[in-house]
Amino acid sequence: QVRLVESGGGLVQAGGSLRLSCAASISIFSIDAMGWYRQAPGKQRELVAAITSGSSTNYADSVKGRFTISRDNAKNTVYLQMNSLKPEDTAVYYCNATLDNPWRSSWGQGTQVTVSS
């Protein structure tokens, strides 16, 4: 079981920035993909950004050009830099780690991001 601890959420004005952190309990070299998902009230959880152990990335169309996912292998940590935040970005953001063989997916507890205006 991979333990994931998110931090960095908070309240910010539209146009502002936040950086989320996700610290993993194992080497992220051992994790095939890590990602950030978000869930707004009354909506389905959606993928925001993901990064593989080979540094391939992908983003939801709604955040392209504004959000950047990155990885620090030495710290076993994945980050989500969020710039130009919009009210529609308001959600609980969850870190995810997925291993392929055998398949296993782990989730953090979530961190609230609220964008005002």
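Residues numbered from 1 in each chain as written. Predicted model: local features only at pLDDT ≥ 70, side-chain atom pairs only at ≥ 80, totals over all residues. Heavy atoms only, no water.

Colleague: Honestly, the state of the cysteines in this entry has me stumped. Any pointers?
Modeller: Covalent bonding between the sulfur atoms of two cysteines is what defines a disulfide. Applying the stated rule across the entire model yields one disulfide. Between C22 and C95 runs a disulfide, and the two sulfur atoms are separated by 2.0 Å. Between C22 and C95 the sulfur-sulfur dihedral comes to about -85 degrees; the bridge is accordingly left-handed. Note that C22 is positioned in strand β3 (residues 18-24) and C95 in strand β9 (residues 91-100), a separation of 73 residues in sequence. Overall, C22 belongs to the buried group, its relative accessible area being 0%. (Disulfide = S-S within 2.5 Å. Helix = DSSP H or I, 4+ residues; strand = E, 2+ residues; numbered from the N terminus. Buried < 20%, exposed > 50% of the residue type's maximum accessible area, 1.4 Å probe, protein only.)

Colleague: For this particular structure, what's the right way to read the pairing of β9?
Modeller: Along a regular strand, successive side chains alternate from one face of the sheet to the other. Counting buried residues in β9 gives seven out of ten residues, a clear majority hidden from the surface. As judged from the three bridges shared by β9 and strand β11 (residues 111-116), these two strands associate in the antiparallel manner. By the bridge assignment, A91 is partnered in β11 with V113. Note that β9 and strand β10 (residues 103-107) share five bridges and pair antiparallel. Bridge pairing in β10 places A97 opposite S106. (Pairing = 2+ DSSP bridges.)

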